[in-house]
Amino acid sequence: MQVTEHIHAIKIPFKLTVSPERTVDRFVYAYLIFGKQICLIDCGVSASEAMIFDYVREAGRDPQEISMLVLTHSHPDHIGASRAVKGETGCQVAAHVDAQPWIEDIELQAKHRPIANFHSLVGGPVEVDLVLRDGGTLDLGDGLTLEVVHTPGHSKGSISPLLREDGALFSGDALPMAGGLPIYEDVSSSIRSIRRLRGIKGLKVLFASWDAPHRGKDRVYELMDGGLRYFQRIHEAVRKVTADFPSLDARELCPRVLRNLGLPESATIPIVVKSIEAHLKEIECQDLLRE
Ligand SMILES: [Zn+2]
(Lines give C-alpha, C1' and ligand atoms only; values in the text may rest on other atoms or scores of the structure.)
Protein backbone atom coordinates (compact mmCIF):
# COMPACT_ATOMS: atom_id res chain seq x y z
CA MET A 1 0.00 0.00 0.00
CA GLN A 2 1.40 3.40 -0.98
CA VAL A 3 1.11 5.79 1.96
CA THR A 4 3.13 8.90 1.11
CA GLU A 5 4.96 10.14 -1.96
CA HIS A 6 7.89 7.82 -1.22
CA ILE A 7 6.69 5.28 1.35
CA HIS A 8 4.87 1.99 0.86
CA ALA A 9 3.76 -0.28 3.73
CA ILE A 10 3.56 -4.09 3.65
CA LYS A 11 1.63 -6.04 6.28
CA ILE A 12 3.34 -9.33 7.07
CA PRO A 13 1.46 -12.04 9.02
CA PHE A 14 3.21 -14.56 11.26
CA LYS A 15 2.48 -17.00 14.07
CA LEU A 16 3.82 -16.64 17.59
CA THR A 17 3.94 -19.76 19.75
CA VAL A 18 2.94 -18.81 23.30
CA SER A 19 2.83 -22.34 24.74
CA PRO A 20 3.34 -25.88 23.37
CA GLU A 21 -0.40 -26.04 22.63
CA ARG A 22 -1.10 -22.47 21.62
CA THR A 23 -0.15 -20.28 18.67
CA VAL A 24 -1.44 -16.76 18.11
CA ASP A 25 -1.74 -14.90 14.82
CA ARG A 26 0.27 -11.69 14.76
CA PHE A 27 1.46 -9.31 12.09
CA VAL A 28 4.18 -6.76 11.61
CA TYR A 29 4.75 -4.04 9.03
CA ALA A 30 7.76 -3.53 6.79
CA TYR A 31 8.20 -0.35 4.74
CA LEU A 32 9.74 0.52 1.40
CA ILE A 33 11.06 3.98 0.65
CA PHE A 34 11.15 4.40 -3.12
CA GLY A 35 13.78 6.88 -4.23
CA LYS A 36 16.54 6.51 -6.78
CA GLN A 37 17.29 3.26 -4.94
CA ILE A 38 15.01 1.44 -2.54
CA CYS A 39 15.39 1.51 1.24
CA LEU A 40 13.64 -1.22 3.22
CA ILE A 41 12.76 -0.56 6.85
CA ASP A 42 12.47 -3.85 8.75
CA CYS A 43 11.74 -7.05 6.87
CA GLY A 44 9.34 -9.22 8.88
CA VAL A 45 9.92 -12.81 9.88
CA SER A 46 11.91 -15.51 8.08
CA ALA A 47 10.80 -16.04 4.43
CA SER A 48 9.03 -12.65 4.21
CA GLU A 49 11.47 -11.67 1.47
CA ALA A 50 9.17 -13.34 -1.12
CA MET A 51 6.29 -11.04 -0.17
CA ILE A 52 8.54 -7.97 -0.14
CA PHE A 53 10.14 -8.76 -3.50
CA ASP A 54 6.72 -9.48 -5.07
CA TYR A 55 5.50 -6.09 -3.86
CA VAL A 56 8.55 -4.35 -5.33
CA ARG A 57 8.01 -6.07 -8.70
CA GLU A 58 4.28 -5.23 -8.74
CA ALA A 59 5.22 -1.60 -8.13
CA GLY A 60 7.30 -1.73 -11.30
CA ARG A 61 10.69 -1.81 -9.60
CA ASP A 62 13.38 -4.48 -9.27
CA PRO A 63 14.22 -6.09 -5.87
CA GLN A 64 17.89 -5.64 -6.83
CA GLU A 65 17.31 -1.89 -6.35
CA ILE A 66 17.02 -2.47 -2.58
CA SER A 67 20.32 -0.95 -1.53
CA MET A 68 19.70 -0.56 2.20
CA LEU A 69 17.86 -2.43 4.95
CA VAL A 70 17.37 -0.37 8.11
CA LEU A 71 16.40 -2.41 11.18
CA THR A 72 14.44 -0.51 13.85
CA HIS A 73 15.62 -3.09 16.41
CA SER A 74 16.80 -6.66 16.79
CA HIS A 75 13.56 -8.58 17.52
CA PRO A 76 12.63 -11.63 15.38
CA ASP A 77 9.62 -10.10 13.57
CA HIS A 78 11.78 -7.18 12.38
CA ILE A 79 15.00 -8.94 11.40
CA GLY A 80 13.72 -12.42 10.43
CA ALA A 81 14.24 -12.13 6.66
CA SER A 82 17.35 -9.92 6.75
CA ARG A 83 19.82 -12.68 5.93
CA ALA A 84 17.82 -13.62 2.80
CA VAL A 85 17.21 -9.98 1.76
CA LYS A 86 20.91 -9.18 2.04
CA GLY A 87 21.86 -12.46 0.35
CA GLU A 88 19.62 -11.82 -2.65
CA THR A 89 20.12 -8.07 -3.10
CA GLY A 90 23.56 -7.39 -1.63
CA CYS A 91 22.05 -4.45 0.31
CA GLN A 92 23.76 -2.82 3.26
CA VAL A 93 22.22 -3.57 6.64
CA ALA A 94 21.95 -0.69 9.11
CA ALA A 95 21.12 -0.95 12.82
CA HIS A 96 21.86 0.79 16.11
CA VAL A 97 25.10 -0.14 17.84
CA ASP A 98 23.13 -1.59 20.79
CA ALA A 99 21.01 -3.77 18.48
CA GLN A 100 24.02 -5.11 16.58
CA PRO A 101 25.00 -7.98 18.96
CA TRP A 102 21.56 -9.68 18.81
CA ILE A 103 21.35 -9.28 15.00
CA GLU A 104 24.80 -10.70 14.36
CA ASP A 105 24.50 -13.45 16.98
CA ILE A 106 20.93 -14.71 17.03
CA GLU A 107 21.77 -17.51 19.48
CA LEU A 108 22.74 -14.83 21.99
CA GLN A 109 19.32 -13.25 21.49
CA ALA A 110 17.52 -16.62 21.75
CA LYS A 111 19.31 -17.23 25.04
CA HIS A 112 18.61 -13.83 26.60
CA ARG A 113 15.13 -13.26 25.14
CA PRO A 114 13.51 -16.67 24.76
CA ILE A 115 10.56 -17.04 22.37
CA ALA A 116 9.15 -20.55 21.80
CA ASN A 117 9.39 -20.51 17.99
CA PHE A 118 12.38 -18.13 17.74
CA HIS A 119 14.23 -20.23 15.17
CA SER A 120 11.26 -20.43 12.81
CA LEU A 121 10.93 -16.63 12.94
CA VAL A 122 14.58 -15.72 12.29
CA GLY A 123 16.22 -17.00 9.13
CA GLY A 124 19.76 -16.65 10.46
CA PRO A 125 22.20 -13.97 11.59
CA VAL A 126 23.32 -11.09 9.39
CA GLU A 127 26.28 -8.73 9.58
CA VAL A 128 25.49 -5.08 10.29
CA ASP A 129 27.34 -2.92 7.72
CA LEU A 130 26.26 0.50 8.95
CA VAL A 131 26.36 0.95 12.72
CA LEU A 132 23.92 3.71 13.71
CA ARG A 133 23.94 6.14 16.59
CA ASP A 134 21.52 8.80 17.76
CA GLY A 135 21.56 11.87 15.51
CA GLY A 136 23.13 10.01 12.59
CA THR A 137 21.74 10.28 9.07
CA LEU A 138 21.45 7.95 6.08
CA ASP A 139 21.53 9.47 2.62
CA LEU A 140 18.96 7.62 0.49
CA GLY A 141 19.71 9.60 -2.69
CA ASP A 142 17.20 11.76 -4.56
CA GLY A 143 17.41 14.34 -1.74
CA LEU A 144 15.94 11.89 0.77
CA THR A 145 17.60 11.63 4.19
CA LEU A 146 16.70 9.26 6.99
CA GLU A 147 17.47 10.63 10.46
CA VAL A 148 18.28 8.25 13.31
CA VAL A 149 16.40 8.88 16.57
CA HIS A 150 17.54 6.50 19.31
CA THR A 151 14.44 5.44 21.27
CA PRO A 152 15.50 2.83 23.86
CA GLY A 153 13.05 1.17 26.24
CA HIS A 154 11.31 -1.52 24.17
CA SER A 155 14.88 -2.68 23.56
CA LYS A 156 18.10 -0.83 24.23
CA GLY A 157 18.97 -0.66 20.53
CA SER A 158 15.58 0.59 19.26
CA ILE A 159 15.61 3.45 16.78
CA SER A 160 12.77 5.45 15.20
CA PRO A 161 13.95 6.55 11.75
CA LEU A 162 12.53 9.86 10.55
CA LEU A 163 11.96 10.88 6.92
CA ARG A 164 11.28 14.61 7.21
CA GLU A 165 10.62 15.00 3.48
CA ASP A 166 7.37 13.03 3.98
CA GLY A 167 6.76 14.05 7.62
CA ALA A 168 7.06 10.34 8.41
CA LEU A 169 8.22 8.64 11.58
CA PHE A 170 8.86 4.89 11.81
CA SER A 171 8.48 4.14 15.50
CA GLY A 172 9.06 0.37 15.27
CA ASP A 173 7.93 -0.99 18.63
CA ALA A 174 9.13 2.05 20.64
CA LEU A 175 5.56 3.24 21.04
CA PRO A 176 3.31 0.63 22.70
CA MET A 177 -0.11 -0.20 21.34
CA ALA A 178 -2.64 1.02 23.92
CA GLY A 179 -4.47 -2.11 25.08
CA GLY A 180 -1.79 -4.43 23.69
CA LEU A 181 0.58 -6.75 25.53
CA PRO A 182 3.28 -4.93 27.55
CA ILE A 183 6.59 -5.79 25.85
CA TYR A 184 9.61 -3.70 26.82
CA GLU A 185 12.80 -3.81 28.86
CA ASP A 186 12.84 -0.45 30.59
CA VAL A 187 9.91 1.71 31.66
CA SER A 188 11.55 5.10 32.23
CA SER A 189 13.64 4.85 29.02
CA SER A 190 10.46 4.03 27.08
CA ILE A 191 8.65 7.04 28.50
CA ARG A 192 11.60 9.35 27.79
CA SER A 193 11.76 8.00 24.23
CA ILE A 194 8.06 8.59 23.57
CA ARG A 195 8.28 12.09 25.03
CA ARG A 196 11.19 12.76 22.72
CA LEU A 197 9.21 11.57 19.69
CA ARG A 198 6.28 13.69 20.92
CA GLY A 199 8.59 16.72 20.69
CA ILE A 200 9.38 16.23 16.97
CA LYS A 201 7.48 18.90 15.07
CA GLY A 202 5.81 18.53 11.69
CA LEU A 203 4.96 14.82 11.76
CA LYS A 204 2.16 13.86 9.39
CA VAL A 205 2.31 10.05 9.32
CA LEU A 206 3.19 7.53 12.02
CA PHE A 207 4.35 4.07 11.03
CA ALA A 208 4.16 1.85 14.13
CA SER A 209 5.12 -1.71 13.29
CA TRP A 210 2.04 -3.18 14.95
CA ASP A 211 -0.60 -1.16 13.12
CA ALA A 212 -1.64 0.28 9.77
CA PRO A 213 -0.11 3.70 9.08
CA HIS A 214 -1.76 6.58 10.94
CA ARG A 215 -2.15 9.76 8.94
CA GLY A 216 -2.89 13.27 10.16
CA LYS A 217 -0.83 15.29 12.59
CA ASP A 218 -3.46 15.26 15.35
CA ARG A 219 -3.73 11.45 15.17
CA VAL A 220 0.06 11.00 15.30
CA TYR A 221 0.49 12.99 18.50
CA GLU A 222 -2.71 11.52 20.03
CA LEU A 223 -1.26 8.03 19.60
CA MET A 224 1.90 9.06 21.44
CA ASP A 225 -0.19 10.50 24.28
CA GLY A 226 -2.19 7.25 24.30
CA GLY A 227 1.05 5.27 24.58
CA LEU A 228 2.17 7.35 27.56
CA ARG A 229 -1.22 6.94 29.26
CA TYR A 230 -1.03 3.18 28.68
CA PHE A 231 2.34 3.02 30.45
CA GLN A 232 0.74 4.85 33.38
CA ARG A 233 -2.15 2.38 33.43
CA ILE A 234 0.12 -0.66 33.39
CA HIS A 235 2.31 0.85 36.10
CA GLU A 236 -0.73 1.42 38.32
CA ALA A 237 -1.90 -2.16 37.69
CA VAL A 238 1.51 -3.58 38.68
CA ARG A 239 1.61 -1.34 41.75
CA LYS A 240 -1.86 -2.48 42.83
CA VAL A 241 -1.25 -6.19 42.26
CA THR A 242 2.14 -6.16 43.99
CA ALA A 243 0.59 -4.33 46.97
CA ASP A 244 -2.10 -7.03 47.15
CA PHE A 245 0.40 -9.90 46.75
CA PRO A 246 3.76 -8.62 48.09
CA SER A 247 5.37 -12.06 48.29
CA LEU A 248 4.89 -12.95 44.61
CA ASP A 249 7.61 -12.61 41.97
CA ALA A 250 7.19 -11.12 38.48
CA ARG A 251 6.24 -14.47 36.92
CA GLU A 252 3.52 -15.03 39.52
CA LEU A 253 2.28 -11.43 39.38
CA CYS A 254 2.10 -11.40 35.57
CA PRO A 255 -1.26 -13.21 35.03
CA ARG A 256 -2.84 -11.09 37.76
CA VAL A 257 -1.60 -7.87 36.14
CA LEU A 258 -2.83 -9.06 32.73
CA ARG A 259 -6.27 -9.80 34.21
CA ASN A 260 -6.34 -6.34 35.81
CA LEU A 261 -5.63 -4.84 32.36
CA GLY A 262 -8.33 -6.95 30.69
CA LEU A 263 -5.73 -9.03 28.82
CA PRO A 264 -5.61 -12.85 28.62
CA GLU A 265 -3.68 -14.49 31.47
CA SER A 266 -2.37 -17.01 28.94
CA ALA A 267 -0.10 -14.23 27.64
CA THR A 268 2.21 -14.89 30.61
CA ILE A 269 5.24 -15.53 28.38
CA PRO A 270 8.87 -14.59 29.23
CA ILE A 271 8.88 -11.35 27.17
CA VAL A 272 5.78 -10.10 29.03
CA VAL A 273 7.10 -11.22 32.44
CA LYS A 274 10.20 -9.13 31.64
CA SER A 275 8.01 -6.03 31.26
CA ILE A 276 6.43 -6.68 34.67
CA GLU A 277 9.96 -6.98 36.09
CA ALA A 278 10.77 -3.60 34.55
CA HIS A 279 7.82 -2.01 36.39
CA LEU A 280 8.82 -3.70 39.65
CA LYS A 281 12.30 -2.17 39.31
CA GLU A 282 10.74 1.29 38.89
CA ILE A 283 8.47 0.78 41.90
CA GLU A 284 11.43 -0.38 44.01
CA CYS A 285 13.41 2.66 42.94
CA GLN A 286 10.52 5.06 43.70
CA ASP A 287 10.03 3.43 47.11
CA LEU A 288 13.75 3.76 47.90
CA LEU A 289 13.65 7.44 46.99
CA ARG A 290 10.66 7.93 49.27
CA GLU A 291 12.38 6.38 52.31
ZN1 LIG B 1 10.14 -5.58 19.24
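The residue numbering used here restarts from 1 in each chain and proceeds along that chain's sequence as written. Whole-chain, interface and lining totals are the exception, using all residues; otherwise, since this is a predicted model, local features are given only for residues with pLDDT of at least 70 and side-chain atom pairs are given and counted only at 80 or more. In computing side-chain values, all of the structure's heavy atoms are included and hydrogens and water are not.

Which residues make up the packing of aromatic side chains, and what values do they have?
Here a Phe, Tyr or Trp ring, Trp counted by its six-membered ring, pairs with any other such ring whose centre lies within 6.5 Å, and the pair is stacked when the planes are under 30 degrees apart, edge-to-face when over 60, and tilted otherwise. Tallying each qualifying case throughout the model produces 6 aromatic pairs. Consider the rings of Tyr29 and Tyr31, whose centres lie 6.3 Å apart with planes at 10 degrees: the pair is stacked. Tyr31 carries the same exposure label as Tyr29, and that label is buried. An angle of 70 degrees between the planes, with centres 5.0 Å apart, marks the rings of Tyr31 and Phe207 as edge-to-face. Placement of the pair is Tyr31 in strand E2 (residues 22-34) and Phe207 in strand E11 (residues 205-208), with a sequence separation of 176 residues. In this structure, Tyr31 and Phe207 share a single accessibility class: buried. Working definition: with a 1.4 Å probe on protein chains only, accessible area under 20% of the residue-type maximum means buried, over 50% means exposed, and in between means partly exposed. Helix and strand assignments come from DSSP, with helices taken as H or I runs of at least 4 residues and strands as E runs of at least 2, each series counted from the N terminus.

Residues and numbers for the pairing of strand E8 (residues 144-147), please.
Of the two faces of E8, only one is covered, namely that formed by Leu144 and Leu146; the face formed by Thr145 and Glu147 stays uncovered. The pairing criterion is simple: DSSP has to find at least two bridges between the two strands. With 4 bridges joining them, strand E7 (residues 137-141) and E8 adopt antiparallel strand pairing. Bridged to Leu138 within E8 is Leu146. Taking the residues that link successive antiparallel strands as the turn, the E7-E8 hairpin has 2 residues, and the phi of Asp142 there is positive, at about 60 degrees.

Any details on the packing of helix H8 (residues 217-244) against helix H9 (residues 250-260)? Residues and values, ideally.
Here H8 crosses H9 at 125 degrees, and the two axes come no closer than 9 Å. Looking at the two axes, H8 sits oblique to H9. The interaxial crossing formed by H8 with H9 has right-handed handedness. In this structure, H8 uses Ala237, Val238, Lys240, Val241 and Thr242 to contact H9, whose residues at the interface are Leu253, Arg256, Val257 and Asn260. Residues are grouped as follows: nonpolar covers Ala, Val, Leu, Ile, Met, Phe, Trp, Tyr, Cys and Pro; charged covers Asp, Glu, Lys and Arg; every other residue, Gly included, is treated as polar. Of the residues contributing to the contact of H8 with H9, the split by class is 5 nonpolar, 2 polar and 2 charged. Only the contacting stretch of a helix is used when fitting its axis, a line to C-alpha atoms as for every element, and angles between N-to-C directions run 0 to 180 degrees. Should an angle fall under 35 degrees it is called roughly parallel, over 145 degrees roughly antiparallel, and 65 to 115 degrees roughly perpendicular, with every other angle called oblique. Handedness of each helix crossing follows the sense of rotation of the near helix against the far helix: counterclockwise by less than a right angle gives left-handed, clockwise gives right-handed. Note on contacts: a residue pair qualifies if any of its non-hydrogen atoms lie within 4.5 Å across the two residues.

In short, the description is geometric, and any link to function would need to be established separately.
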